[in-house]
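Listed below, chain by chain, are the residues.
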Amino acid sequence: MTAEEPYLVQPATGVYAYVQPDGGWCLNNAGFVSDGGRTLLIDTAATERRALALREAVVGAGVPLPRTVVNTHHHGDHTYGNAVFAPEALILGHDNARTEQIAAGHQLELIWPATDFGSVEITAPDLTYSDRTTLHLGETEVRVIHPGVAHTTGDSIVFLPRQGIVFTGDLVFAGGTPFLAMGSLAGSLRALELLRSLDAQTVVPGHGPLTDPSAYEATERYLRYVAELAREGRAKGLSPLEAARQADLGEFAVWRESERLVANLHRAYAELAGEPEGAPLNIPAVLQDMTVMNGGTPILCHA
């Protein structure tokens, strides 16, 4: 566990972001919106203990427990805590997020067997949508938008137009390295254009502190850097790992989880080879390459 405890930020009346420092592996952000009578929660947490702490934060804010939970994608750090809020809350997610969550099952326990996840009951979305849907909490309009294949095949953006606030899920990692192993590089670039078009001034990323639209520019620079690295590496006959080990990260060297570069190159290589966006990669091989990039030390879940 990190030294820093999760904290709440209230960017607008009735809108809360729940930030888990320092946003590294398994330390995701969540959030909730309430009109005082009803509450909508955006994402949960990676462990039972952390999901219960999130539940206490909702209660501590003086609002009702959620009747709806929106999952921004299927990854366990954003969904493992769903059962803490169900069955009282309806779980909403993209069609593919439900399919992917069921298929992934207890994947995080397999990747990180030493982590105490607690009692995790996989609780997939009860209600799914394909393109976009809108919820209303009093005068607050909550738009849930699928950007296409990006971080995963089942991402959701949660946008509050009146407040100018967007919860991006893992389309944005503030101060962290993007992760495309289960999504698409080209799709992630398109998703950034969609985020820009919303013109939100407050950006709640999937990991890291609250930010603003400048995070889109930084993310785009990194994605274009990966695309160029992939083109050059593939032309030279280098494997993704070889290309990653030779790369100069430049401005991105200070971002958390720099070992994700090799995972992102695996995705970029697949797209250059004509694979469909979001086509499954060999995840054990990707994890092994990230371990090599991490100096031979397996990546750690910080939850």
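Each chain has its residues counted from 1, running along the sequence as written. Where totals are concerned, whole chains, interfaces and linings use all residues; where local detail is concerned, this predicted model gives features only for residues with pLDDT of at least 70, and gives and counts side-chain atom pairs only at 80 or more. Just so you know, side-chain values use all the structure's heavy atoms and leave hydrogens and water out.

Any chance you could explain the overall build of the chain here in plain terms?
Within the chain, the regular secondary structure consists of ten helices and twelve strands. For the radius of gyration, the atoms used are the C-alpha atoms, and the globule rule reads 2.2 Å times the number of residues raised to 0.38. Against the 2.2 N^0.38 benchmark of 19 Å for 303 residues, the chain shows a C-alpha radius of gyration of 18 Å, consistent with a compact globule. Taken across its 303 residues, the chain has 59% of its residues classed as buried. For the area figures, the Shrake-Rupley method with a 1.4 Å probe applies, and any residue is considered shielded solely by the protein chains shown. A total of about 12100 Å² of accessible surface is found on the chain, and carbon and sulfur atoms cover 51% of it. Within the chain, one finds 20 positive and 36 negative side-chain charges whose respective centroids are separated by 3 Å. What counts as a helix is a DSSP run of H or I of at least four residues, what counts as a strand is a run of E of at least two, and both are numbered from the N terminus. Residue burial is assigned from relative accessible area. The probe radius is 1.4 Å, only protein chains are included, and a residue is buried under 20% of its type maximum, exposed over 50%, and partly exposed in between. His is not counted here, nor are the chain ends, while Lys and Arg score as positive and Asp and Glu score as negative. Where a charge sits is defined by one atom per residue type, namely NZ (Lys), CZ (Arg), CG (Asp) or CD (Glu).

It is not clear to me how the sheet that holds strand S5 (residues 68-70) should be interpreted in this structure. Could you clarify?
Working definition: the strands of a sheet are paired by backbone hydrogen bonds and lie parallel or antiparallel to each other. Spatial strand order, S1-S2-S3-S4-S5-S6-S7: seven strands in an open sheet with mixed pairing. At either margin of the open sheet sits one strand with a lone partner, and together these are strand S1 (7-12) and strand S7 (127-129). Averaged over all adjacent pairs, the angle separating strand axes in this sheet is 20 degrees, with direction ignored. Strand pairing is defined by DSSP finding a minimum of two bridges between the two strands. Where strand S6 (residues 90-94) and S7 come together, three bridges link them in parallel fashion. Bridging from a neighbouring strand, Leu92 pairs with Leu127 of S7. Note on geometry: axes are C-alpha line fits, over the in-contact stretch for helices, and angles between N-to-C directions span 0 to 180 degrees.

Teacher, can you tell me more about helix H6 (residues 185-198) here?
Each turn of an α-helix holds 3.6 residues, which means side chains three or four residues apart point in the same direction. The span you would expect from a helix comes to 1.5 Å times its residue count less one. Relative to the 20 Å expected for 14 residues at 1.5 Å per residue, H6 spans 21 Å between its end C-alpha atoms, a close match to the ideal helical length. Here H6 has its buried residues at Leu185, Gly187, Ser188, Leu189, Ala191, Leu192, Leu194, Leu195 and Leu198. By definition in these notes, contact holds between two residues if any of their heavy atoms fall within 4.5 Å. Of the surrounding elements, those touching the buried residues of H6 are strand S9 (140-145), strand S10 (157-160), strand S11 (165-173), helix H7 (214-235) and helix H9 (260-272). N-capping of H6 is provided by Ser184, with a side-chain oxygen placed 3.3 Å from the backbone N of Ala186. Backbone geometry just downstream of H6 places Asp199 in the positive-phi region, at approximately 60 degrees. Pairs of N or O atoms within 3.5 Å make up the polar contacts considered here, provided that, within protein, one atom can donate a hydrogen while the other can accept it, and that residues adjacent in sequence are counted only when both atoms are side-chain atoms.

In this structure, what is going on with the nonpolar core? I would like to understand it.
Generally speaking, nonpolar side chains in soluble globular proteins are found buried as a group. Only buried residues count toward a nonpolar core, which is a set of Ala, Val, Leu, Ile, Met, Phe, Trp, Tyr and Cys residues joined through side-chain atoms within 4.5 Å. Judged by nonpolar contacts, the single largest core of 60 residues is most densely connected at Val166, Leu195, Leu261 and Leu265. Looking at this core, the elements that each hand over two or more residues are S10, S11, H6, H7, helix H8 (240-246), H9 and helix H10 (283-293). Residue contributions to this core peak at ten residues, all from H7. The residues touching Leu261, leaving out its near neighbours within four places in the chain, are Tyr222, Tyr225, Val226, Leu229, Ala244, Ala247 and Leu249.

What's the story with the packing of H6 against H7 in this structure? I'm lost.
Geometry of a packed helix pair, given as the angle between the helix axes and the separation of the axes. Between H6 and H7, the least distance of the axes is 10 Å, while the angle of their chain directions is 160 degrees. For the element pair H6 / H7, the angle class is roughly antiparallel. When the axes of H6 and H7 are compared, the crossing they make is left-handed. For the pair formed by H6 and H7, the contact residues are Leu185, Ser188, Leu189, Leu192, Glu193, Leu195 and Arg196 on the first element and Tyr216, Glu217, Thr219, Glu220, Leu223, Arg224, Val226 and Ala227 on the second. We call Asp, Glu, Lys and Arg charged. Ala, Val, Leu, Ile, Met, Phe, Trp, Tyr, Cys and Pro are nonpolar, and the rest, Gly among them, are polar. Considering only residue class, the contact of H6 with H7 consists of eight nonpolar, two polar and five charged. In these notes the angle categories are as follows: under 35 degrees is roughly parallel, over 145 is roughly antiparallel, 65 to 115 is roughly perpendicular, and the rest is oblique. The hand of a helix crossing depends on one turn: near helix anticlockwise from the far one by less than a right angle means left-handed, and clockwise means right-handed.

Coordinates in, geometry out; function isn't part of it.
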